[in-house]
Amino acid sequence: MPYPQAPWTLQGYAIQTLHLVNIDRVRSLIPLELKILSVWPGKTLASVYLSNYRSGSVLEYSELIIAPALVNYQSKIGAWISHIYVDNADSVAGGREIWGLPKEPAEFTWEQGERVTVHQENRKLCSLNYNRQNLAWRQWLSVSTFSAKGADLLIFPAAFESVLGLISSKLEIPAESPFSGIGLGQPWLTVRCEQMSLRVDAPKVVGQMGI
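Just so it is clear, the structure is predicted and the values come from calculations on it, not from any experiment.

Some points on the pairing of strand E10 (residues 115-120)
Item 1. Judged by how many residues are buried, E10 sits mostly within the fold: 5 of 6 residues are covered.
Item 2. Examined bridge by bridge, strand E9 (residues 107-111) and E10 share 5 bridges and lie antiparallel to one another. The partner of Glu107 across the bridge, within E10, is His119.
Item 3. A loop of 3 residues connects E9 with E10, the two strands running antiparallel in sequence, and Gln112 in this loop sits at a positive phi of about 50°.
Item 4. Relative to strand E11 (residues 123-130), E10 runs antiparallel, the two being bridged by 6 bridges. Following the sheet pairing, Gln120 is matched in E11 by Arg123.

Structure (structure tokens):
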């Protein structure tokens, strides 16, 4: 098979934005088995993650991840990914077949470290303007993500070490974008990750869908 087996180790940089979104607007994107966590009355935490994995990675590619909610299942807390795009066919296949993620192909344009635009054929998905980080610190973190493959509800951890910095950004999502209905708006927090080393482990089955 063309893609590497899990775990995947990836190196590069990323920008992640955090948003407060209305739970009612994202409920339809989340399996009913998962409870959406409220971080403010009627609102949950959503994120947009844009990354560029380069030399030293098991695969080299760019990635856009839309996670519309923070969720809970049997005391396990994580994110749910509703939309995910990459510019590498092997990453598409591996993401779908190993982790059950709905990866789709897209094209990424990174402009001088200050703007990234993502297109799918002739349709613009989003663009993000961001600035360079000044104050930064090295941080290790581990996060969990839920996904589904067939009837299996899965969870998998991702651990990363990176130099983090808080920056300002402006997110643009055209009305024709598949995730425009989430109502992401402008980020209330944006983090830039430099010198990032990421490890994504194989998923484990935690439950069944539709049962």
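Read on for the rest.
Details of the packing of aromatic side chains
Item 1. Under the defined criterion, the tally for this structure stands at 6 aromatic pairs.
Item 2. Consider the rings of Trp8 and Trp99, whose centres lie 5.0 Å apart with planes at 80°: the pair is edge-to-face. With Trp8 in strand E1 (residues 8-22) and Trp99 in helix H2 (residues 89-99), this pair connects stretches of sequence that are 91 residues apart.
Item 3. Exposure remark for Trp8: the relative accessible area of 2% places this residue in the buried category.
Item 4. For the ring pair Tyr13 and Trp110, a centre distance of 5.4 Å and an interplane angle of 80° mean the geometry is edge-to-face. Of the two residues, Tyr13 sits in strand E1 while Trp110 sits in strand E9, which places them 97 residues apart along the sequence.
Item 5. The class of Tyr13 is partly exposed, set by a relative accessible area of 24%.
Item 6. Here the aromatic cluster, defined as three or more aromatic residues joined through ring pairs, consists of Trp8, Tyr53, Tyr61, Trp99 and Phe156.

A short note on the state of the cysteines
Item 1. Inspection of the entire model under this criterion finds 0 disulfides.
Item 2. Of all cysteine sulfurs, the one in Cys193 lies closest to Cys126, which takes part in no disulfide; the gap is 16 Å.
Item 3. Relative accessible area serves as the criterion here: at 1%, Cys126 is assigned to the buried category.
Item 4. Classification of Cys193 by relative accessible area gives buried; the value is 5%.

Some points on the sheet that holds strand E14 (residues 169-172)
Item 1. The strand order across the open sheet formed by 4 strands is E9-E10-E11-E14, and the pairing between neighbours is antiparallel. Two strands in the sheet have a free side with no partner beyond their single neighbour: E9 and E14. Across this sheet, the average inter-strand angle for adjacent strands is 10°, counted without regard to direction.

Conventions used here
- Residues numbered from 1 in each chain as written.
- Predicted model: local features only at pLDDT ≥ 70, side-chain atom pairs only at ≥ 80, totals over all residues.
- Heavy atoms only, no water.
- Buried < 20%, exposed > 50% of the residue type's maximum accessible area, 1.4 Å probe, protein only.
- Helix = DSSP H or I, 4+ residues; strand = E, 2+ residues; numbered from the N terminus.
- Pairing = 2+ DSSP bridges.
- Phe/Tyr/Trp six-rings, centres within 6.5 Å; stacked < 30°, edge-to-face > 60°.
- Disulfide = S-S within 2.5 Å.
- Axes fitted to C-alpha atoms, helices over the stretch in contact; angles between N-to-C directions.

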